Amino acid sequence: MPKSITATDLTVESLGIQADEAGILVGLTAHVNVAYGEARVREQFDIWSVLTNSQRAYFQEVFNTLRQQLQSTYLA
């Protein structure tokens, strides 16, 4: 779908979080469903590339909390 057509709606379907072996975030991608009139297209948007350093640090804190909670719930 050409990017020059104006989208009429969008839905964020999921987030893809990429972390290295140490648990440090290295990427964040939004998987979006974009409507162009009657047509819908799934696209990926690289959120990580537009975040500031402080925003990246805050998201790292959110990720660390999520990971800790998941580990204590499922691996305890």
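All residue numbers refer to position in the chain's written sequence, counted from 1. Predicted model: local features are reported for residues with pLDDT of at least 70 only, side-chain atom pairs are reported and counted for 80 or more only, and whole-chain, interface and lining totals are derived from all residues. To get the side-chain values, take all heavy atoms of the structure and skip hydrogens and water.

### Here we look at the nonpolar core
- Leu25, Leu28, Ala30, Val32, Val34, Tyr36, Ile47, Trp48, Leu51 and Phe63 together form the largest nonpolar core, which totals ten residues.
- Numbering of helices and strands starts at the N terminus; helices are DSSP runs of H or I of at least 4 residues and strands are runs of E of at least 2. Considering every element that reaches this core, the biggest residue donor is strand β2 (residues 25–36), with six residues.
- If we ignore the near neighbours within four places in the chain, the residues touching alanine 30 are Ser14, Leu15, Glu43, Gln44, Phe45 and Ile47. Buried Ala, Val, Leu, Ile, Met, Phe, Trp, Tyr and Cys residues that are joined via side-chain atoms within 4.5 Å together make up what is termed a nonpolar core. Only protein chains enter the calculation, and the probe is 1.4 Å; a residue is then buried if its accessible area is under 20% of its type maximum, exposed if over 50%, and partly exposed in between. The contact criterion used is simple: two residues touch if any of their non-hydrogen atoms lie within 4.5 Å.

### Focus on the pairing of strand β1 (residues 9–19)
- Here β1 pairs with β2 via ten bridges, running antiparallel. Of the residues in β2, the one forming a bridge with isoleucine 17 is leucine 28. Between any two strands, at least two bridges found by DSSP are needed for them to pair.

### Some words on the pairing of β2
- Counting buried positions along β2 yields ten of twelve residues, so the element is predominantly enclosed.
- Bridging between β2 and strand β3 (residues 39–46) involves eight bridges; their strand directions are antiparallel. What sits directly across from alanine 35, in β3, is arginine 40.
- Hairpin connection, β2 to β3: the antiparallel pair is bridged by two residues, and glycine 37 has positive phi, about 70 degrees.

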